[in-house]
Amino acid sequence: MASSVILVVLFISVLIIFHEFGHLIVAKLAKIPVEAFSIGFGPVILKRKFQETEYRLSLVPLGGYIKMVGEEVQGPKTESVPPGLGFQDKPLGIRVAVIAAGPVSNLLLGFLLMFLMYIIFGVKFLAPVVEPSPGSVAARIGVLQGDRIIAAAGETIPSFDRLERLLVQNAGREINLTVVRDGERIQFSYPVPKESLEIQPLLRPVIDRVRKGSPAARLGLLPGDTVLAIGGKPVRRWDDLVNTVIANAGTRIAITWKRGSRVFSDSITPAVERDQLSEERIGQIGVWVRLPKRSLPIYTAVWEALRRTGFVVVQTFVILYKVITRQISTRAIGGPIMVAKVAYEGASWGTEYFLALWALLSINLFVVNMLPIPVLDGGRILLDLFGGIRRRRLSEKEVAWAANIGWALIGMLVIFTIFNDLLRLVRK
């Protein structure tokens with residue numbers, strides 16, 4: 001428990017410190033004097049001055065801050081700093097670069113964590129083991145559940161993703177399919193439907209990971225176990241297990257699983273959780289499906305990390321848009337309690353999941369900080385650009401007015417997210 005709490009504190013602190021460190025590096029490169037750089041907030045425990053900057057270690061470890069000379073629009077000048085070297089004295093491009101360096105550092109950190117995850121653990125993929133929809137063309141020509149497609153339209157099929165892309169490219173055409181069934185190769189002539197894909201990946205009900213402290217862990221389920229039945233229903237694919245567990249939150253149900261040649265039977269009570277988007281009460285037992293993995297060379301890991309980072313940025317904006325347009329409930333927005341809870345649960349899933357979650361939150365921090373809200377980095381950039389367009393910097397009164405609006409918005413958001421967090425705890 002204590003180690004997980006320390007891990008959560010480290011998790012959040014690194015995200016914010018990395019952000020502030022980005023500001024520090026670019027400010028130094030731009031020769032802007034930095035008065036203080038602090039790891040943590042509150043009373044200073046240790047401090048050491050190097051050149052003009054005092055580096056501090058403060059009591060509260062959640063975050064940090066940087067204080068640059070001349071950061072305020074108006075105010076007392078620092079006598080030891082020659083005119084023209086303060087932050088506000090620098091050209092617009094340099095000021096924007098210094099401000100943007102914080103969120104960009106979080107984006108870079110997210111990419112590096114993704115890269116590290118792919119290098120250490122490889123990448124998971126869906127095997128081209130399929131199940132055709134009942135009554136579909138694929139079912140009528142003889143494709144069966146559990147067939148492994150090894151070739152289609154003259155191409156080797158290494159994964160279901162490749163098969164899916166190929167079927168989309170050949171919609172409305174007739175192609176050759178080669179499948180392996182019980183060690184035998186079988187060929188089909190398959191007219192690909194134009195409307196929608198009717199061949200889905202088959203996920204075997206094999207457990208890859210068990211979350212610490214979960215109902216599955218307390219029962220004794222282990223990675224590699226195959227679930228045979230649950231709730232009195234046979235389990236042929238992973239979705240059968242998931243659907244039964246979700247529908248039986250808080251209800252004790254029978255479960256049968258296989259480990260090697262041995263078969264076990266017992267009962268399990270899915271924990272009651274609340275879906276973050278739909279707010280529905282669902283059941284969870286704390287297991288993760290086993291998927292095949294492949295190791296990646298460095299250049300492929302770099303590309304995968306870049307692609308995934310870009311995908312997360314786009315999806316974060318999409319989710320924000322859906323929340324604003326009420327396509328997703330505002331109850332889905334979480335605050336510091338939710339972040340701590342997610343980080344704590346992420347630690348219980350293991351290193352790979354934790355790295356993925358860490359990367360996700362770091363990229364999310366980039367997106368949030370780039371929003372055009374005064375006091376956030378995106379808002380500060382917008383105000384500087386506005387001043388540059390009209391060829392006159394904002395006055396102290398205008399900056400204060402914008403900051404008050406920004407702090408009011410941030411304050412309302414913080415109160416709202418903490419209210420959501422507390423509501424989740426009460427309603428759980």
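For clarity, every value in this text was computed on a predicted model and none was experimentally measured.

*Asks:* Describe the overall build of the protein chain, naming the residues involved and giving the relevant values.
*Replies:* Helix and strand content of the protein chain: 11 helices and 18 strands. Counting the 428 residues in the protein chain, one finds 39% classified as buried. Summed over all atoms, the accessible surface of the protein chain reaches about 23,600 Å², with 62% contributed by carbon and sulfur.

*Asks:* Account for unusual backbone geometry, naming residues and giving values.
*Replies:* If you check the backbone angles, Q51 has positive phi at about 55° while not being a glycine. With respect to the helices, strands and loops of the structure, Q51 is situated in the loop between β1 (34-50) and β2 (53-68). Not every positive phi belongs to a glycine, and A153 is a case in point at roughly 55°. With respect to the element layout, A153 can be found in the loop between β5 (147-152) and β6 (155-156). The exposure class of A153 is partly exposed, given its relative accessible area of 33%.

*Asks:* Can you tell me about helix α7 (residues 298-324), naming the residues and giving the values?
*Replies:* Given a rise of 1.5 Å per residue, 27 residues ought to cover 39 Å, and the 39 Å separating the end C-alpha atoms of α7 matches this to within 8%. What α7 keeps buried is the set A301, E304, A305, T309, V312, V313, T316 and V323. Residues of α7 that are buried sit in contact with α2 (92-121) and α9 (351-369). Within two residues after α7, R326 carries a phi angle of roughly 65°, on the positive side.

*Asks:* Please give an account of the side chain of R162 that cites residues and values.
*Replies:* Take R162: it is sitting in helix α4 (residues 160-169). Sequence-distant contacts of R162, that is, excluding residues within four places in its chain, are made with E155, I157 and Q169.

*Asks:* I'd love a proper account of α2, names of residues and values included.
*Replies:* Side chains of residues three or four places apart in an α-helix project in the same direction, reflecting 3.6 residues per turn. A rise of 1.5 Å per residue sets the reference length of α2, with its 30 residues, at 44 Å; its end C-alpha atoms lie 43 Å apart and thus fit the reference within 8%. By the largest-angle criterion, A101 marks the main kink of α2, which is about 40°, and a proline, P103, follows within four residues. Once α2 ends, the next one or two residues include G122, with phi positive near 75°.

*Asks:* Would you mind going over the nonpolar core in detail, with residue names and values included?
*Replies:* Counting residues in hydrophobic clusters, the biggest one holds 24 residues, and the most contacted among them are F11, L15, L113, M114, Y118 and W358. Elements represented by at least two residues in this core include exactly α1 (2-29), α2, α7 and α9. Sort the elements by how many residues they give to this core and α9 lands first, with nine residues. Not counting the four nearest positions on each side in its chain, L113 is found in contact with L355, W358 and A359. If you look at the next biggest cluster of nonpolar residues, it comprises 19 residues, including L219, L221, I255 and W257.

*Asks:* Can you lay out the confidence of the model for the protein chain for me, pointing to particular residues and giving the numbers?
*Replies:* Scored by pLDDT, the protein chain has a mean of 84; 86% of the residues are at 70 or more. Per-element confidence in the protein chain is highest for strand β11 (residues 226-230), whose mean pLDDT is 96, and lowest for helix α8 (residues 336-349), whose mean pLDDT is 67. Predicted confidence for residues 74-79 stays below pLDDT 50, and this span has three contacts to residues more than four positions away or in other chains.

Reading the values: the criteria
- Residues numbered from 1 in each chain as written.
- Predicted model: local features only at pLDDT ≥ 70, side-chain atom pairs only at ≥ 80, totals over all residues.
- Heavy atoms only, no water.
- Helix = DSSP H or I, 4+ residues; strand = E, 2+ residues; numbered from the N terminus.
- Buried < 20%, exposed > 50% of the residue type's maximum accessible area, 1.4 Å probe, protein only.
- Areas by Shrake-Rupley, 256 points an atom, 1.4 Å probe, with all protein chains shown as cover.
- Expected span 1.5 Å × (residues − 1).
- Contact = heavy atoms within 4.5 Å.
- Bend = angle between axes of the 7 residues up to and from the residue.
- Core = buried A, V, L, I, M, F, W, Y, C linked by side-chain atoms within 4.5 Å.
- pLDDT = per-residue confidence, 0-100.

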